[in-house]
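A look at the structure
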Amino acid sequence: MRPLIATHCGSGSDKKMRDVAEKSAAAGMKVLRRGGSALDAVEEAIVVLEDDPRTNTGIGARRRVDGTVQMDAALMDSRMNIGGVAAIMNVRNPIRVARLVMDSPHVLLAGDGAILFARQHGVPFFDPSNKESEEKWRDALAKIESGDVPEWAAKWRGFRFRDTVGAVALDKNGDFAAGSSTGGHPYMLPGRVGDSPIVGAGLYAGPRGAVIATGVGEEIIRVVLSKAVYDHIESKHTAMNACISGIKLFTDTVPVGVIAVDRKGWGECCNRDMAWAALPRR
Ligand code: GLY
């Protein structure tokens with residue numbers, strides 16, 4: 001089987017960030033070329049995205065309205081291995097903790113329990129906030145104060161959204177994997193969990209392909225987007241056509257994007273700008 005990988009920097013990410021998506025895809029492809037699993041490839045690809053301060057997860061992740069950084073991340077493969085964390089704080093790479101959860105009896109750990117689990121598995125304290133995340137938080141607070149937020153109430157119309165990162169891959173054994181990681185979006189309450197660690201909504205992998213969603217988590221959860229796109233692939237649509245069908249489930253006031261791989265190639269569709277990359281190139 002010819003290995004494939006696709007990565008993205010989130011709906012609303014500036015196309016100038018394509019270098020990060022490419023670096024991430026290259027890191028994942030390195031794993032695949034030496035015979036590694038799609039799961040390992042996706043994990044390594046996500047770490048590259050989390051470590052870049054321009055993406056909205058890991059270093060530089062968005063803050064909640066109370067100033068805290070809480071992140072969601074998850075991995076799933078076509079053998080039904082699943083691991084995720086929700087509203088986790090003070091770790092550099094939430095995807096690494098998601099992978100540890102996969103190897104535990106559970107599939108999803110949240111909040112303080114996820115942090116405790118991470119520490120018990122040797123994941124050190126790391127404050128992912130930086131100057132940019134502080135500026136964005138202050139800006140969000142000012143908008144709340146002035147009543148200018150209703151981006152949220154106005155269903156995010158015109159809002160520049162910088163969202164979840166994600167990766168999907170196919171390995172030489174024919175297994176698929178999907179992974180996502182996010183700092184969420186502005187105007188979030190502490191404890192809020194988006195689509196990214198929710199199987200079927202933010203991610204899905206099965207014997208025919210793998211899918212990752214990006215955009216407004218609450219809306220993505222409502223349409224169970226990743227499973228909807230996967231179902232299109234299963235009913236013989238190409239990954240590209242399946243992604244396009246998935247985005248058609250939303251009005252254009254809701255920023256949303258999706259990437260997918262099937263056995264033959266990858267697909268991508270987003271109703272905003274989105275930096276993404278795929279290997280090998282067509
Ligand atoms: N799609 C990421 C989130 O809404 O949290």
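Residues numbered from 1 in each chain as written. Predicted model: local features only at pLDDT ≥ 70, side-chain atom pairs only at ≥ 80, totals over all residues. Heavy atoms only, no water.

Take the site of the ligand next. Asp-163, Thr-164, Thr-182, Gly-184, His-185, Arg-192, Gly-194, Asp-195, Ser-196, Gly-215, Val-216 and Gly-217 make up every residue found near the ligand. A distance of 2.6 Å separates an oxygen atom of the ligand from a polar atom in the side chain of Arg-192. Note that an oxygen atom of the ligand is positioned 2.8 Å from one of the backbone N or O atoms of Gly-217. For the ligand, whose free accessible area comes to 200 Å², the fraction covered by protein is 100%. (Near = heavy atom within 4 Å. Polar contact = N/O pair within 3.5 Å; in protein donor to acceptor, adjacent residues only side chain to side chain. Areas by Shrake-Rupley, 256 points an atom, 1.4 Å probe, with all protein chains shown as cover.)

Attention shifts here to the packing of helix α7 (residues 225-234) against helix α8 (residues 239-247). One way to put it is that α7 packs onto α8 with a least axis distance of 8 Å and a crossing angle of 140°. Judged by the inter-axis angle, α7 sits oblique to α8. Between α7 and α8 lies a crossing of right-handed hand. Touching Leu-225, Val-229, His-232 and Ile-233 of α7 are Ala-239, Ala-242, Cys-243, Ser-245 and Gly-246, all from α8. Considered class by class, the residues forming the contact of α7 with α8 number six nonpolar, three polar and no charged. (Axes fitted to C-alpha atoms, helices over the stretch in contact; angles between N-to-C directions. Helix = DSSP H or I, 4+ residues; strand = E, 2+ residues; numbered from the N terminus. Parallel < 35°, antiparallel > 145°, perpendicular 65-115°, else oblique. Left-handed = near helix turned anticlockwise from the far one by under 90°. Contact = heavy atoms within 4.5 Å. Nonpolar A, V, L, I, M, F, W, Y, C, P; charged D, E, K, R; others polar.)

This part is about the packing of helix α1 (residues 18-33) against helix α2 (residues 38-51). It is at 8 Å that the axes of α1 and α2 come closest, and there the two elements cross at 150°. As summarised for this structure, α1 and α2 are arranged roughly antiparallel, according to the angle between their axes. Considering how the two elements wind past one another, α1 and α2 form a crossing that is right-handed. When α1 is examined against α2, the residues Val-20, Ala-21, Lys-23, Ser-24, Ala-27, Gly-28, Val-31 and Leu-32 are found in contact with a partner set consisting of Ala-38, Asp-40, Ala-41, Glu-44, Ala-45, Ile-46, Val-48 and Leu-49. In terms of residue class, the contact of α1 with α2 is built from eleven nonpolar, two polar and three charged.

Before going further, it helps to examine the side chain of Glu-43. Relative to the helices and strands, Glu-43 is located in helix α2. If we ignore the near neighbours within four places in the chain, the residues touching Glu-43 are Leu-75, Ile-95, Arg-96 and Arg-99.

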